[in-house]
Amino acid sequence: RRVLFRSATVITIANQKGGVGKTTTCRELAYIWGRQGKKVLAIDTDPQKGLTLRSPIEEDKKKTLKAVLEGYVSVEDAIIKTEYYDIIPGDKRLKNSSIDFSYTEDKTALKDILNDLEYDIILIDAAPGDSILYDMSYIASDYIIVVADSSPEALTGIAEMKNSVSRYQTEGLSNAKFLGSLMCRVKMAFGRPSNLYTERYNELSTYIKDIINAAPFDTYIRDTDKCGTANGFKMAVNEYNDTCCAAEDYMKLADEVLERIKKAS
């Protein structure tokens, strides 16, 4: 697979609330772009290891993101290759990251690790909650995609996210830009989103846009149990059933994200 960019484009998939579709989105984009011939690395920063557990790999628990950040393992040794994308596995011990990485210089650790890697795209699956792992991800990233669902809790922390990114931009530590917001798990009625959901979607999208100053993606991800089934087989939904609604939506999203990056750069 040829490298398309001089250096990797780093994208964080973020929301401080869990269960909104971050991990599924990260895995789907990694799979789709990898299948299209791009060289993709996915990084699991979540102590729950959702991306790691849903990827077709055999873990070596001594070679994880935490071991890399602590300097015990080189990043090259920690990378596990799959057919379509590479992954740096997560580690349940990352739940103590705010204690383990408490020095000011630790915030740039992830960026330093990624600087010399030869990939087209690096995707970071951000952990839920507010921790130094988020700061590391913001500082390492070129772009941030905010993922949300229709629940009120999905808005939790977005303003804090914006404030953190702005602060690191001011300090010269980050050039990250918000690329847009993505609505996941959209409930359908008679083949289209219900009027109630459409109203809620517009309300949330407007709110998020006002905070991050980036428009919502035109694409939204429709709800289907196929995503859960694919997880059980450690497969992307596009690999498990590429004709289901979510698979089609993620294909559209992959194109839309690249188009926005092209315009932004």
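Refer to the structure presented above.
Let us look at the structure shown here. (Residues numbered from 1 in each chain as written. Predicted model: local features only at pLDDT ≥ 70, side-chain atom pairs only at ≥ 80, totals over all residues. Heavy atoms only, no water.)

Here's the deal with the overall build of the chain
For the chain, the count of helices and strands is twelve helices and nine strands. Residues classed as buried in the chain amount to 55% of the 265 residues present. The long-range share in the chain, meaning contacts at least 24 apart out of those at least 6 apart in sequence, stands at 79%. In the structure as shown, the chain presents an accessible area of about 12400 Å², 46% of it carried by carbon and sulfur atoms. Of the side chains in the chain, 36 bear a positive and 40 a negative charge, and the two mean positions are spaced by 2 Å. (Helix = DSSP H or I, 4+ residues; strand = E, 2+ residues; numbered from the N terminus. Buried < 20%, exposed > 50% of the residue type's maximum accessible area, 1.4 Å probe, protein only. Contact = heavy atoms within 4.5 Å. Areas by Shrake-Rupley, 256 points an atom, 1.4 Å probe, with all protein chains shown as cover. Lys, Arg positive; Asp, Glu negative; His and termini not counted. Charge placed at Lys NZ, Arg CZ, Asp CG, Glu CD.)

Re the pairing of strand E1 (residues 9–14)
The element E1 is largely enclosed, with a buried count of six among its six residues. What you see with E1 is no split at all: Thr 9, Ile 11 and Ile 13 on one side and Val 10, Thr 12 and Ala 14 on the other are buried throughout. Alignment of E1 against strand E6 (residues 143–148), held across four bridges, turns out to be parallel. Looking at the pairing, Ala 14 lines up with Val 146 of E6. (Pairing = 2+ DSSP bridges.)

Some remarks on the state of the cysteines
Here, disulfide denotes a covalent bond that connects the sulfur atoms of two cysteines. Inspection of the entire model under this criterion finds zero disulfides. As a non-bridged cysteine, Cys 227 has Cys 244 as the owner of its nearest cysteine sulfur, 6.0 Å distant. Cys 227 sits in the buried class, given a relative accessible area of 12%. For Cys 245, which is in no disulfide, the shortest distance to another cysteine sulfur is to Cys 244 and amounts to 5.6 Å. Exposure remark for Cys 245: the relative accessible area of 21% places this residue in the partly exposed category. (Disulfide = S-S within 2.5 Å.)

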